[in-house]
Amino acid sequence: MASEAETRQVAASTRAGWLLSTPALVLLAFGAIGPLLIVVVYSFLLPGKYGNVEWGFSLDAWRGILFTRDIFDDTLVLADAHLSIFWRSVKLSTLTTLFTFAVGFPTAWFIATRPQKQRAFWLFLITIPFWTNLLIRTFAINEIIRSEGLLNTLLLWLGVIDRPLEIIYTDFAVFVGMTYVYLPLMVLPLFAAIDRFDMRLLEAGYDLYASRWQVLRRIILPIVKPGIIAGSILVFVPALGAYVTPRILGGGKQMMIGNFIELQFGQGRNWPLGASLSVTLLVIVTAALLVYVRFANRDREVNHG
Amino acid sequence: MTAATQSMIEARHTVKAFGQGDHIVRALDDVSITINKGEFFTLLGPSGCGKTTLLRLIAGFEMPTAGHILLDGVDITDLPPNRRPVNTVFQSYALFPHLTVAQNIGFGLEMQGRPRAEVAKTTAEMLALVKLEPMANRKTSQLSGGQQQRVALARALAPKPKVLLLDEPLSALDLKLRKEMQVELKRLQQETGITFVFVTHDQEEALTMSDRIGVMSAGKLQQVGSPKDIYTRPVNRFVASFIGETNFLPATPVAGGLQLGCGAVVEGLTTAKPSVTLTIRPEQIRITPADDAGAIPATVTSLVYFGTDTHCHMALSDGAEVVVRVQSPASGEAGVRTGDSVGLRFQPAAAQVLED
Amino acid sequence: MADRGFSVSRLPGFTPTAMLVFVALYLPILMLVAFSFNAGKSVASFEGFTLQWFVKAWANDHVKDATLRSLVIAVVAASVATVVATAAALGTTRRKAFKGQTFIYVVINQPLMVPEIVTAVALLIFFAQIKVLTGYQGLGYLVTAHAAFCIPFAYLPIRARLEGMDLTLESAAADLYASPWQTFRFVTLPLLLPGMIAGFMLAFVTSLDDVVITLFVKSAGQDTLPTYMLGQIRRQITTEVYAISTVLLGLTVVLLTAFFLLTRKKD
């Protein structure tokens, strides 16, 4: 039951909405989304001898994610090297997420409980590293932990150790580096959630005999959960697909999925495998995002009673 | 003068529905109204009654679902707001924050493509009219609430519209400023002669400022009339209770008048309905001694002191409650006290029969 | 502290942890900056203040070349992204929800959700085909890729600004005889401008910082500053790279400060 004029108004508004969005959509279609579809196609093709592909249907690339052909008898065997790369990626991303939360939550809490005027300043301090080139931050952490780096120099000088710790080019180095570069991604959404938190609830909690630990466990954490999930996703997703940090701090040996994908387009010369790995990574990330959306929506419903 | 030239705005069977499917809300439900040239017309009603929707339809911000809007005899239903010689004073003022006071006031004239000299001249006149000459080059954010209000008025008056629409323009001001602005608005309306359509939920504001009032509720126009009409002759229960305080007493027709629940008969009033409600304002009732034979017997249940006035809550013999407003007794004088038995009297003409 | 009362919001160990986090966040960066001024070559000790690494970096033709390329790409990509993001923001905010609005929103924010390495691989494959088909090898590929992933960064502050803008201002303009175009030109656009500048700056910084996508999309000899710096790591990080990092860091801080001042809410 709408008059003609009203219907016309709505139609015009819809048309304008699409029309105004078109340039952005076209640019994204060419510069981001369209190519993703081609990746899917490439994952079903055969590798070319000198890179690129040969046009023939094959499931080799998908098989190649987990299996490799034995050189001698041509049977499929589990590719241990691949598995260890996946395992390292998942392990390091998970550890990074957990650790950034462990230190990021107190930091976000600290910022959110500052007086209003100081808050912007502390937040700004988190934002600067966030926007600083990832490469620069990785260089910086590299300088701290490498063999002749600051940490070893300091420890040697203090006499704590008598030869340099071999941190660089280990899983631990990649973990430290990722924690360092992705920490702001955890703190910012946590801050946003805590900032909305009504501090009077704490008074109510203490009034009802809760200890500090109980207040944290039973009041604060459940209420800021959407922020925790958002922060975890924001750290986990780029960590899983990390390329620069493991390349510099892992030294090419401690590869993660990102480096492994790149390898297929470089020395590996197996574009279809690179494509199937990319699709796999994309699927994992999308699944994580869907879980997030699910959680976020459910919490919203709960909050609105 | 014919009726056509006398009316400035005419809304004919306007309907405005929002939402779709099962969630259609009729913000305006077949409203027809005529607003005369040069009058101060107020749309009064509680929030959500449709008064602002009607205003937005006249301004052109919304399209009616059905019906027509006429301005000075011309159908403007399909005209966009920028082609209607009607201006609005918004509830939030909606002053452009990136422009100065003078630029805000001159905006409408500039958009109409008037010559620069004329824009400057009219802007100066308007600044004088609202007494804001020293503020001409300030940013609007540097003004007080009352000053912003006057800029919004000047901006809407500058293009000399046929109608000025005011959407609860005083609601953001504190009480003292609001009283001042009420006087100011009335002055501006009389000086300019422009038709004002004023939307408010404040019944006192409506009564003191308007030439005529349209009372709205639930998307429908309940009653249109002068402030005195609306107050003394409400046509239904809603109008009676929304404007001022009043008593409602159920009554049934008997020979020679209407009989109240307590048995007393109010003479001279008639109705065709089997049962009605009698409404009588608290200040229309007089308290007489308990032995007054013709009066309605009542008992004082409580007294509420309001300074100059005191509200006496009474119970009639059938338990019905009546409030009587009396002047607070002078010091030393004893008034009625809780528990007293008294008589109540009022002129039958002061009561109004409500048939809904 | 004078305040010895029971603070409800204080949790044990939180403040020291936060302090450690801030130190840990800034110590490495500040070390890097400090050593870009170090006269000695070793990171292990500070041997006096010098600007020689900045001079050396600037004298290096590769650096000059890469800097120029980075700036050109960032300016063009951020400008394009800002313009299309503004249009999209105007199209997707402040009107009745229309069919496909969520779809548009998801597409625009897609670069934020897909791992960079996946987009990089996709663009490598896609542009490889186009290069074969057209023979074009220029900067267009990098600019297109950068503009695309910059769109959400430009879009978000512009959208936020639009959503915070009082809709009645536009009604007021229309009421005062402004045509839709005049309303846009004299009311919407001036009010939107700070959001657009903020969006441009975020897009600019994002483009300037990109490593992974650039690495995959660039043709030979199309190094940007970050890919040049990454290339240097194989040959031991030189202090020259620190100097470049310091300059980039300075630029980021300046742009961010400006961004904060622009988007700051008035009290």
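From a predicted model like this one, the values you see are computed outputs, not experimental measurements.

Peer 1: Account for the overall build of chain A, with residues named and values stated.
Peer 2: Counting secondary structure elements, chain A contains 13 helices and four strands. In terms of overall dimensions, chain A has a C-alpha envelope of 85 × 75 × 35 Å along the principal axes. Burial analysis of chain A (305 residues in total) assigns 50% to the buried set. Considering only contacts in chain A between residues 6 or more positions apart, those separated by 24 or more positions represent 62%. If you sum the accessible surface of chain A, you get close to 15,200 Å²; carbon and sulfur atoms cover 66% of it. If you average the places of the 25 positive and of the 20 negative side-chain charges in chain A, the two averages end up 6 Å apart.

Peer 1: Describe the domain arrangement of chain B, naming the residues involved and giving the relevant values.
Peer 2: All names here are of chain B. Parsing chain B into structural domains produces domain 1 (3-238) and domain 2 (245-354). On a C-alpha basis, the centres of domain 1 and domain 2 stand 40 Å from each other. Residue-level contacts link eight residues of domain 1 with nine residues of domain 2. At the boundary of domain 1 with domain 2, total buried surface from both sides reaches about 740 Å², with 40% on carbon and sulfur atoms. In terms of surface lost to domain 2, no three residues of domain 1 exceed Tyr231, Arg233 and Arg237, which account for 73% of the buried area on that side. Linking domain 1 to domain 2 there are zero salt bridges. By residue class, the composition of the side of domain 1 that touches domain 2 is four nonpolar, two polar and two charged.

Peer 1: I'd love a proper account of the interface of chain C and chain B, names of residues and values included.
Peer 2: Counting from both sides, the interface comprises 18 residues of chain C and, opposite them, 24 residues of chain B. Across the chain C/chain B interface, buried area totals approximately 1,800 Å², and carbon plus sulfur atoms make up 66% of it. It is Asp175, Leu176 and Tyr177 of chain C that lose the most area in chain C upon contact with chain B, and together they represent 44% of the buried surface on that side. Counting across the interface, chain C meets chain B through zero salt bridges. Applying the counting rule to chain C against chain B returns six residue pairs in polar contact (both at pLDDT 80 or more). At the level of secondary structure, the elements contributing two or more residues to the side of chain C that touches chain B comprise α7 (167-175) and α8 (180-209) of chain C. Per element, the largest residue contribution to the side of chain C that touches chain B is seven residues, and it comes from α7 of chain C. Its residues placed into classes, the side of chain C that touches chain B shows 12 nonpolar, four polar and two charged.

Peer 1: I'd like a description of the UniProt feature "transmembrane region" (unreviewed entry) in chain A, backed by residues and values.
Peer 2: Here the UniProt-annotated "transmembrane region" (unreviewed entry) positions come out as residues 24-45, 92-113, 120-141, 172-194, 215-237 and 273-293 of chain A. Taken as a whole, residues 92-113 of chain A contains 95% helix and 0% strand, while its terminal C-alpha atoms sit 31 Å from one another.

Peer 1: Let's hear about empty space enclosed by the protein: which residues, and what values?
Peer 2: All names here are of chain B. In this structure the tally under the stated criterion is three cavities of 30 Å³ or more. The space that makes up the largest cavity amounts to roughly 50 Å³. If you go around the largest cavity, the residues you meet are Leu249, Ile280, Ile285, Ile296, Leu316, Val322, Leu344 and Phe346. Of the residues contributing to the lining of the largest cavity, the split by class is eight nonpolar, no polar and no charged.

Peer 1: Can you lay out the sheet that holds strand β10 (residues 220-225) of chain B for me, pointing to particular residues and giving the numbers?
Peer 2: Residues and elements named next belong to chain B. Within the open sheet, the six strands sit side by side as β6-β7-β8-β3-β9-β10. Their pairing is mixed. Whereas interior strands pair on both sides, the edge strands pair on one side only; in this sheet they are β6 (86-89) and β10. Averaged over all adjacent pairs, the angle separating strand axes in this sheet is 20°, with direction ignored. With five bridges connecting them, strand β7 (residues 163-167) and strand β8 (residues 195-200) associate as parallel partners. Opposite Asp167, over in β8, you have Val199 as the bridge partner. Strands β3 (40-44), β6, β7, β8 and β9 (212-217) of the sheet are contacted by helix α2 (residues 51-59), whose axis makes an angle of about 145° with β7.

Peer 1: Could you give an account of the pairing of strand β18 (residues 321-327) of chain B, with specific residues and numbers?
Peer 2: All names here are of chain B. In terms of strand pairing, strand β17 (residues 309-316) meets β18 through seven bridges, oriented antiparallel. If you follow Met314 over to β18, its bridge partner there is Val322. A loop of four residues connects β17 with β18, the two strands running antiparallel in sequence, and Gly319 in this loop sits at a positive phi of about 95°.

Peer 1: Describe helix α5 (residues 116-134) of chain C, with residues and values.
Peer 2: If you check α5 of chain C, its first and last C-alpha atoms are 26 Å apart, about what 19 residues at 1.5 Å a residue would give, namely 27 Å. After α5 of chain C finishes, the residue Gly135 of chain C shows a positive phi value of roughly 80°.

Peer 1: Describe in detail the pairing of β10 of chain B, supporting the description with residues and values.
Peer 2: Residues and elements named next belong to chain B. Note: β9 against β10, five bridges, orientation antiparallel. Bridge assignment links Ile213 to a residue of β10, and that residue is Gly225. Here β9 folds back onto β10, and the loop between the two strands holds two residues, one of which, Ala218, carries a positive phi near 50°.

Peer 1: How would you summarise the pattern of salt bridges if you had to cite specific residues and measurements?
Peer 2: Two side chains of opposite charge can pair, provided their charged atoms sit close to one another. For the structure on display, the rule yields 29 salt bridges over all chains. Across the pair Glu143 of chain A and Arg146 of chain A runs a salt bridge, and its minimum N-O distance is 2.9 Å. What makes Glu143 of chain A buried here is its relative accessible area of 6%. Here Asp223 of chain C and Lys218 of chain C are joined by a salt bridge, their closest N and O atoms 3.6 Å apart. Residue Asp223 of chain C is classed as partly exposed on the basis of its relative accessible area, which comes to 26%. By relative accessible area, Lys218 of chain C is classed as partly exposed at 22%.

Peer 1: Tell me about unusual backbone geometry, and name the residues and values.
Peer 2: All names here are of chain B. Positive phi values are uncommon outside glycine, yet Lys160 reaches one of about 50°. Inspection of the secondary structure assignment puts Lys160 in the loop between α5 (145-157) and β7. Positive phi, close to 50°, is recorded for Ala218, a residue that is not glycine. Relative to the helices and strands, Ala218 is located in the loop between β9 and β10. Owing to a relative accessible area of 62%, Ala218 belongs among the exposed residues under this scheme.

Peer 1: Pulling in residues and values, what's your account of the packing of aromatic side chains?
Peer 2: Inspection of every chain in the model, using the stated rule, returns 35 aromatic pairs over all chains. Summarising the aromatic geometry, the rings of Phe37 of chain C and Phe49 of chain C are spaced 5.2 Å apart at their centres and angled 10° between planes, so their arrangement reads as stacked. Of this pair, Phe37 of chain C sits in the loop between α1 (14-36) and α2 (52-59) while Phe49 of chain C sits in the loop between α1 and α2, and the two are 12 residues apart along the sequence. An aromatic cluster is built from Phe30 of chain A together with Phe126, Phe127, Tyr136 and Tyr141 of chain C, whose rings are joined through pairwise contacts. Stacked on the ring of Trp58 of chain C, the Lys or Arg Lys64 of chain C has its end atom at 5.5 Å from the ring centre. Lying over the aromatic face of Tyr141 of chain C, Lys131 of chain C brings its terminal NZ or CZ to 5.2 Å of the ring centre.

Thresholds applied
- Residue positions are counted from 1 within each chain, in the order its sequence is given.
- Going through the entries in the order they are written, you letter the chains from A and number the ligands from 1.
- Owing to the predicted nature of the model, reporting of local features is limited to residues with pLDDT of at least 70; listing and counting of side-chain atom pairs is limited to 80 or more, with chain, interface and lining totals taken over all residues.
- In computing side-chain values, all of the structure's heavy atoms are included and hydrogens and water are not.
- Numbering goes from the N terminus for both helices and strands, where a helix is a DSSP run of H or I of at least four residues and a strand is a run of E of at least two.
- Buried residues are those whose accessible area, probed at 1.4 Å on protein chains only, stays under 20% of the maximum for their type, while exposed residues exceed 50% and partly exposed ones sit between those limits.
- Contacts are assigned to residue pairs with any non-hydrogen atoms lying within 4.5 Å of each other.
- Only the protein chains shown count as covering a residue, and every accessible area follows the Shrake-Rupley method with a 1.4 Å probe.
- Neither His nor the chain ends is counted toward charge; the positive residues are Lys and Arg and the negative residues Asp and Glu.
- Just so you know, the charge point we use is NZ for Lys, CZ for Arg, CG for Asp and CD for Glu.
- Each domain's extent was defined by an automatic or database domain assignment.
- Summed over both partners, the accessible surface that disappears when two parts come together, traced with a 1.4 Å probe, is what is meant by buried area.
- A carboxyl oxygen of Asp or Glu within 4 Å of a side-chain nitrogen of Lys or Arg is what we treat as a salt bridge.
- Note on residue categories: nonpolar means Ala, Val, Leu, Ile, Met, Phe, Trp, Tyr, Cys or Pro, charged means Asp, Glu, Lys or Arg, and polar means any other residue, Gly included.
- Any pair of N or O atoms that falls within 3.5 Å is considered a polar contact. Within protein, one atom must be able to donate a hydrogen and the other to accept it, and sequence-neighbouring residues count only if both atoms are side-chain atoms.
- UniProt positions are given in the numbering used here, feature names are shortened, and annotations may be inferred rather than shown by experiment.
- Here a cavity means grid points, on a 1 Å grid over the protein atoms only, where a 1.4 Å probe fits yet cannot get out; a pocket means an open set of points with protein on both sides within 12 Å along at least five of seven lines; lining residues are those with an atom within 4 Å of a point.
- Grid points are joined across faces, edges and corners, and a volume is the space filled by probe spheres set on the points.
- For two strands to pair, DSSP has to find at least two bridges joining them.
- Only the stretch in contact is used when fitting a helix axis, every axis being a line fitted to C-alpha atoms; angles between N-to-C directions are given from 0 to 180 degrees.
- A helix is expected to span 1.5 Å multiplied by its residue count minus one.
- Two aromatic rings from Phe, Tyr or Trp, using only the six-membered ring of Trp, form a pair when their centres are within 6.5 Å; if the ring planes differ by under 30 degrees the pair is stacked, by over 60 it is edge-to-face, and anything between is tilted.
- Think of it as a cone above the ring: NZ of Lys or CZ of Arg counts as a charge over the ring if it is within 6 Å of the ring centre and within 35 degrees of the ring normal.

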